[in-house]
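Here's the letter readout for the chains.
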Amino acid sequence: VQYKVTESYEWTVPALIDFGENAGPNAKRVVNTTSDANGTITPSTGDNGTAPKVSVTKNVIKDGKSLKITLEPGTGLTAFTVKNEQNVELTYKVTLTKTKIGNVDATSDKEITTTDKQILEVKAGTNTAEAQLKFELSTTDESSEKAGTYKGTVQFTADATADATT
């Protein structure tokens, strides 16, 4: 008698975080990842931007292991930043605000950094999870903004080989 279960997982991340435009100096723009995977991306006009949350929709991994999802600045970056065509740089921060692992909800106020970057840990035997994040951009503290299209990248990573923490 034989039975086999193939190891696999499925997950989604937001494709775009849109801080909007023309906030002015000394302003903040916030995008919350609260919508479903196919949800609408809404550019921020203050603290109301939206984007899809990080979601795990399938988690079939080995017993004693966890699917760990992390978030960090894009390759080669040491901070969350966006730059325009002239390399003018603005920083933003990312905060983990809520998780749901299986049927268990938890709130959080954990700032994601290059040393504290885990946003989800989904242990074997739990099939679904989601993480809601808050992206907060601070505009220039100078008297006027500098024109351009500011772009940046982040890197989400999933690892299903990690030992589960207790």
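Treat the numbers as computed from the prediction; the structure is a model and nothing was measured.

Peer 1: Would you explain the packing of aromatic side chains in this entry?
Peer 2: The description of an aromatic ring pair uses the distance of the two centres, along with the angle that the planes make with each other. Applying the stated criterion across every chain yields a total of three aromatic pairs. Pairing Phe 19 with Tyr 92 gives two aromatic rings, centres 5.6 Å apart and planes at 55 degrees, and the pair type is tilted. Of this pair, Phe 19 sits in the loop between strand 1 (8-12) and strand 2 (28-35) while Tyr 92 sits in strand 7 (residues 89-101), and the two are 73 residues apart along the sequence. Assessed through its relative accessible area of 12%, Phe 19 is described here as buried. Centre to centre, the rings of Phe 80 and Tyr 92 are 5.5 Å apart; their planes meet at 40 degrees, and the pair counts as tilted. You can see Phe 80 sitting in the loop between strand 5 (65-73) and strand 6 (81-83) and its partner Tyr 92 sitting in strand 7, a full twelve residues away along the chain. Under the relative-accessibility criterion, Phe 80 is labelled buried at 7%.

Peer 1: Would you take a moment to explain the pattern of salt bridges for this structure?
Peer 2: With the rule as written, the count across this model stands at eight salt bridges. Two residues, Glu 136 and Lys 134, come together in a salt bridge whose shortest N-O distance is 3.8 Å. Given the relative accessible area of 28%, Lys 134 is considered partly exposed. Taken together, the shared-partner salt bridges in this structure form one network comprising Asp 36, Lys 53 and Glu 130.

Peer 1: When you look at unusual backbone geometry in this model, what are you seeing that I'm missing?
Peer 2: Note: most residues except glycine have negative phi, and most peptide bonds are trans. With a phi close to 50 degrees, Asn 22 is a non-glycine residue in the positive phi region. In this structure, Asn 22 sits in the loop between strand 1 and strand 2. A positive phi angle, close to 55 degrees, is found at Asn 26, a residue other than glycine. Summarising the element assignment, Asn 26 is placed in the loop between strand 1 and strand 2.

Peer 1: What exactly am I supposed to notice about the environment of Glu 145 here?
Peer 2: Relative to the helices and strands, Glu 145 resides in the loop between strand 10 (129-138) and strand 11 (154-163). We classify Glu 145 as partly exposed; its relative accessible area is 31%. When near neighbours in sequence (up to four residues on either side) are disregarded, Glu 145 contacts Asn 22, Ala 23, Gly 24, Pro 25, Thr 139 and Thr 140. Of the polar contacts made by the side chain of Glu 145, one reaches the backbone nitrogen of Gly 24; its length is 2.9 Å.

Rules used throughout
- Residues numbered from 1 in each chain as written.
- Predicted model: local features only at pLDDT ≥ 70, side-chain atom pairs only at ≥ 80, totals over all residues.
- Heavy atoms only, no water.
- Phe/Tyr/Trp six-rings, centres within 6.5 Å; stacked < 30°, edge-to-face > 60°.
- Helix = DSSP H or I, 4+ residues; strand = E, 2+ residues; numbered from the N terminus.
- Buried < 20%, exposed > 50% of the residue type's maximum accessible area, 1.4 Å probe, protein only.
- Salt bridge = Lys/Arg side-chain N within 4 Å of Asp/Glu carboxyl O.
- Contact = heavy atoms within 4.5 Å.
- Polar contact = N/O pair within 3.5 Å; in protein donor to acceptor, adjacent residues only side chain to side chain.

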